[in-house]
Amino acid sequence: MHAWVNGRLLDDPAAPSVTVRDHGFTVGDGVFEAVKVVDGQPFALTRHLDRLARSAAGLGLPAPDAAEVRRGVDAALGAEHLTLGRLRITYTGGVAPLGSHRGDAPPTLAVVADVLQPRGSTTTVATVPWPRNERGALAGLKTTSYAENVVALAYAAERGAGEAIFGNLAGHLCEGTGSNVFYVVDGELRTPTLGSGCLAGVSRALLLEWYGGREVDEPIDVLSTADEVFLVSTTRDVQAVTRCDDRELTGPGPVTADCQRVWAEREAKHPDP
Ligand SMILES: Cc1ncc(COP(=O)(O)O)c(C=O)c1O
């Protein structure tokens, strides 16, 4: 693992480098990106930096300096060749009072590069009893306030599942803790709209562009009848779901397998699509 924090590559990536008064640490006032690294190169970095800027704007943080973030990415990746890796870019409110008010200090920017273990082509999911709030102030933003995802993922793990799936306040299918959901009904590929409160996943957008699919909101119960279900994300690519709660699905089904094929072809051709 290698870490670059506020303009400096750390000699010891695990050494303390962010103050206890950092607003990201005290109240989760920050945004982040997870970027896949393939053969030493970040995948879809421009889209990730665009989303980082959108998330920061959504929180009211100053716009991140994209050139500076790229310098951090180059420094962290330059320290070690990662055949398959993950970059974590974190941008927070910086030093602030201990409450929810922001301070006047500049934001904190950190880039960490680490090895990514391949996730495999299938997984299992459990739906969770807590809704995503599609009307909340943080809906659709990739903020560091991820404890809700931690709780949901632990709930799924207790049920032997690899990802937790949220509905939203309307009772519609929304997303996973770190993934977007696609499913197939009567041969049609579908995924929830961004209005569902799901994150505008980079992988979701790419798959819609590369393969197609209909964005539609429907009750989360659709997972109990859909012919195929799969997840997409930076760390999962296209991952077939073979069990959803108590329901077994044989997978990858034909549409999922086709998406996996298209994904692998396109990803290899376009490092920054
Ligand atoms: C809540 C949430 N939804 C969806 C995704 C998938 O987004 P991406 O494809 O950009 O990784 C993520 C990524 O970590 C996420 O945290």
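In case you missed it, the structure is sitting above this.
Numbers given for residues are sequential positions, taken from 1 along each chain in its written order. Owing to the predicted nature of the model, reporting of local features is limited to residues with pLDDT of at least 70; listing and counting of side-chain atom pairs is limited to 80 or more, with chain, interface and lining totals taken over all residues. The basis for every side-chain value is the complete set of non-hydrogen atoms in the structure, without hydrogens or water.

(A) Layout of the sheet that holds strand E4 (residues 41-42). The sheet built from six strands is open, its strands ordered E2-E1-E6-E5-E3-E4 with antiparallel pairing. The open sheet has two edge strands with one neighbour each: strand E2 (8-9) and E4. Here a strand pair is declared whenever DSSP counts at least two bridges between the two strands. Put simply, DSSP marks the helices as runs of H or I at least four residues long and the strands as runs of E at least two long, and each gets a number from the N terminus on. As paired strands, strand E5 (residues 84-92) and strand E6 (residues 108-115) are joined by eight bridges and run antiparallel to one another. Bridge assignment links Gly-85 to a residue of E6, and that residue is Val-115. In what follows, residue pairs with any heavy atoms lying within 4.5 Å of each other are defined as contacts. The axes used here are C-alpha line fits, helices contributing only the stretch in contact, and every angle between their N-to-C directions lies in the interval 0 to 180 degrees. Contacts from helix H2 (residues 45-59) reach strand E3 (30-38), E4 and E5 within the one sheet, and its direction differs from that of E3 by about 175 degrees.

(B) Geometry of the site of the ligand. For the ligand, the set of nearby residues contains 16 residues, the closest of which are Lys-142, Tyr-146, Glu-175, Ser-203 and Thr-234. N or O atoms closer than or at 3.5 Å make up a polar contact, with two conditions inside protein: a donor-capable atom paired with an acceptor-capable one, and, for residues adjacent in sequence, both atoms drawn from side chains. Contact distances for the ligand include 2.4 Å between an oxygen atom and a side-chain N or O atom of Tyr-146. In this structure, Ser-203 approaches the ligand through a side-chain N or O atom, which is 2.6 Å from an oxygen atom. Throughout, the Shrake-Rupley method with a 1.4 Å probe supplies accessible areas, and for residues the shown protein chains are the sole cover considered. Its free accessible area being 390 Å², the ligand has 94% of it covered by the protein chains. Going through the elements one at a time, strand E9 (173-176) and helix H5 (202-210) are the ones with two or more residues in the shell around the ligand. Near is defined per residue: the residue qualifies when any heavy atom it owns lies within 4 Å of the molecule or strand.

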